[in-house]
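# Geometric and topological summary
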Amino acid sequence: MSTEEIVGPEERDDLHEHFRFEAGSGQVPLRVDKFLMNFVENATRNKIQQAAKEGSVWVNEVPVKSNYKVKPNDVVRVMFSHPPYEQLLTPQNIPIDVVYEDDDLLVVNKEAGMVVHPGHGNYEGTLINALIYHFENLPNNSSDRPGLVHRIDKDTSGLLVVAKTEAAMTHLAKQFFDKTSKREYVALVWGNIEEDSGTIEGNIGRHPKNRLQNTVWDGEEADKGKPAVTHFEVIERLGYVTLVKCKLETGRTHQIRVHMKYIGHTLFNDERYGGDKILKGTTFTKYKQFVDNCFKTLPRQALHARTLGFVHPTTNKEMFFEAPIPSDINDCVERWRKYGSQHNG
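An account of the accompanying structure is given in this report. All values derive from a computational prediction rather than experimental measurement. Counting of residues starts from 1 at the beginning of each chain's written sequence and follows it residue by residue. Only residues with pLDDT of 70 or above have their local features reported here, since the model is predicted, and side-chain atom pairs are shown and tallied only from 80 upward, although totals for entire chains, interfaces and linings are computed over all residues. By convention in this description, side-chain values take in all heavy atoms of the structure and omit both hydrogens and water.

A few words now on the overall build of the chain. A run of H or I in DSSP counts as a helix once it spans at least four residues, and a run of E counts as a strand once it spans at least two, with each numbered from the N terminus. Of the regular secondary structure elements, the chain holds eight helices and 17 strands. Whether a residue is buried, partly exposed or exposed follows from its accessible area with a 1.4 Å probe, protein chains only, as a fraction of its type maximum: under 20%, in between, or over 50%, in that order. The burial tally for the chain puts 46% of its 345 residues in the buried class. Long-range contacts, defined as pairs at least 24 residues apart, comprise 68% of the intrachain contacts of the chain with a sequence gap of at least 6. The Shrake-Rupley method, run with a 1.4 Å probe sphere, supplies the accessible areas, and residue values consider only the shown protein chains as cover. When the accessible area of the chain is evaluated, it comes to approximately 18,200 Å², of which 47% is carbon and sulfur surface. The criterion used for residue contact is that any of the two residues' heavy atoms lie within 4.5 Å.

Okay, here's the thing in structure tokens:
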């Protein structure tokens, strides 16, 4: 065996890590190509097998073939000789809605459908592509993403704060880490929530079967997830759906989407978590047509980051911003109001 074949990727400066996954302690032996298909969005088995053939799939610092069986606690990495596309950032002249800006930071109202940062399958047209076009020398966060203090999902609309200096990045990131930032979301969810308000607590981690979803882990398996707390309050009950506001104590990936599903109230038209099907209501054909029209009116999950509060990193003053609920959510809610008045009157 040649020297090059036995050195780890850290000692090979011609290799770049594209993906890294650690198998859980309960991992059942599974071929590495099947394992990676569960993790990597849009990947085909053919591509993964080709990557393994080229020596690009590594387990515990050693290249493996596609039939290698992943075992508990294995560290699986996909290594290529070129940097990940998301690191090759291209400035793009994409309009962004800046609601506030000073020398230290800016607050952006992100539209639904815009990805926040480049990643697998989305290498252009992201908020970061727009930011590096409009603003020079943005500081990198711990993941080497310029300006980003936090993120929201592609199909979630609403407010984000962006740091313009290293000091602002450090100060703001600490506020999010310490849970002192204030964030409130508005969501339309399936079902009639009977309580006027409540708190959802449940550790959030990767779904064991669908790696593109997260789930709540509780009981003896709680350590498979990270602690997450969501407070909710009913704004309006609309029969088969409810409009709520949610305040986050933690910032886990898909937190509101996962927590609301956990209590039986999946977000309306949330395709990834099953909210794009009729979960409450009648079996009448006219009702199905009505819901389909609502899905067309609001072709995404019904979630909007409405408010954002934090302490300014230089002035130490409390800053508070609010973004109006977008027309697609408003129009959908209005449809439900009319439906309710016609069928309950």
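We now examine the packing of aromatic side chains. Pairing of aromatic rings covers Phe, Tyr and Trp, the last through its six-membered ring, and needs centres within 6.5 Å; plane angles under 30 degrees mean stacked, over 60 mean edge-to-face, and all others mean tilted. Under the defined criterion, the tally for this structure stands at 13 aromatic pairs. Ring geometry for Tyr-287 and Tyr-339: centres 5.7 Å apart, planes at 55°, overall tilted. One end of the pair, Tyr-287, is in helix H7 (residues 285-297); the other, Tyr-339, is in helix H8 (residues 327-344), with 52 residues separating them in the sequence. In this structure an aromatic cluster arises from ring pairing among Trp-190, Tyr-240, Phe-268, Tyr-287, Phe-290, Phe-295, Trp-336 and Tyr-339.

The next point concerns the environment of Lys-65. Here Lys-65 shows up in the loop between strand E4 (62-63) and strand E5 (69-70). Given a relative accessible area of 65%, Lys-65 falls into the exposed group. Each C-alpha atom, one on Lys-65 and one on Asp-33, is 8.7 Å from the other, the two residues being 32 residues apart in sequence.

Moving on: the nonpolar core. Residues enter a nonpolar core if they are buried and are Ala, Val, Leu, Ile, Met, Phe, Trp, Tyr or Cys, with the set joined through side-chain atoms within 4.5 Å. Grouped together as the largest cluster of nonpolar side chains are 30 residues, with contacts concentrated most on Ile-256 and Met-260. Going through the elements one at a time, strand E8 (105-110), helix H4 (127-134), strand E9 (157-163), strand E10 (182-190), strand E14 (229-237), strand E15 (241-248), helix H6 (255-262) and strand E16 (303-311) are the ones with two or more residues in this core. Residue contributions to this core peak at four residues, all from H4. Excluding residues that lie within four positions of it along the chain, Met-260 makes contacts with Val-189, Ile-193, Ile-200, Cys-246, His-265, Thr-266 and Leu-267. Of all hydrophobic cores here, the second largest spans 19 residues; its members include Val-186, Phe-290, Phe-295 and Ala-302.

It is worth spelling out the side chain of Asp-102 at this point. For Asp-102, the location among the structural elements is in the loop between strand E7 (97-101) and E8. Working convention for charge: Lys and Arg count positive, Asp and Glu count negative, and His plus the chain ends are omitted. Within this document, salt bridges are pairs made up of a side-chain nitrogen of Lys or Arg and a carboxyl oxygen of Asp or Glu, the two lying within 4 Å of each other. Lys-164 provides the closest opposite charge to the buried, salt-bridge-free Asp-102, at an N-O distance of 6.1 Å. Whenever a nitrogen or oxygen atom comes within 3.5 Å of another N or O atom, the pair is scored as a polar contact, on the condition that within protein one atom can donate a hydrogen and the other can accept it, and that pairs from neighbouring residues in sequence are kept only if both atoms are in side chains. A distance of 2.7 Å separates polar atoms of two side chains, one belonging to Asp-102 and the other to Tyr-100. Within the structure, the side chain of Asp-102 is placed 2.6 Å from the side chain of His-312, a separation counted as a polar contact. Leaving out residues up to four positions away in the same chain, Asp-102 has contacts with Lys-164 and His-312.

Moving on, we get to the pattern of salt bridges. As a working rule, side chains carrying opposite charge can pair if their charged atoms are close by. Inspection of every chain in the model, using the stated rule, returns 18 salt bridges. Between Glu-233 and Lys-245 there is a salt bridge whose closest N-O contact spans 3.9 Å. Here Lys-245 lies in strand E15 and Glu-233 lies in strand E14, a separation of 12 residues in the sequence. You can call Glu-233 partly exposed: its relative accessible area is 39%. Overall, Lys-245 belongs to the partly exposed group, its relative accessible area being 24%. Connected through salt bridges with shared partners, the residues Arg-151, Asp-153, Arg-257 and Asp-270 form a single ionic network.

As a further point, take the packing of helix H2 (residues 32-39) against helix H3 (residues 45-53). To get an axis, fit a line to the C-alpha atoms, keeping to the stretch in contact for a helix; angles then go from 0 to 180 degrees between the N-to-C directions. Put simply, H2 and H3 touch, their axes get as near as 9 Å, and they point 125° apart. Taken together, the axis directions place H2 and H3 in an arrangement best described as oblique. As H2 runs across H3, the sense of the crossing is right-handed. Contact residues: Asp-33, Lys-34, Leu-36 and Met-37 in H2; Arg-45, Ile-48 and Gln-49 in H3. Small angles under 35 degrees read as roughly parallel and large ones over 145 as roughly antiparallel, with 65 to 115 read as roughly perpendicular and the rest as oblique. Rotating anticlockwise by less than a right angle from the far helix to the near helix defines a left-handed crossing, while the corresponding clockwise rotation defines a right-handed one.

Quick look at the side chain of Asn-203 now. Within the secondary structure, Asn-203 sits in strand E12 (residues 203-206). Among the polar contacts listed, one links the side chain of Asn-203 to the backbone oxygen of Ala-222, at a separation of 2.9 Å. Ignoring sequence-local partners within four residues, the contact set of Asn-203 consists of Thr-215, Val-216, Trp-217, Ala-222, Gly-225, Lys-226, Pro-227 and Ala-228.

Attention shifts here to the pairing of E7. For two strands to count as paired, DSSP must find a minimum of two bridges between them. Across four bridges, E7 lies against E8 in antiparallel orientation. Paired with Asp-97 across the bridge in E8 is Asn-109. Linking two consecutive strands that pair antiparallel, namely E7 and E8, is a turn of three residues.

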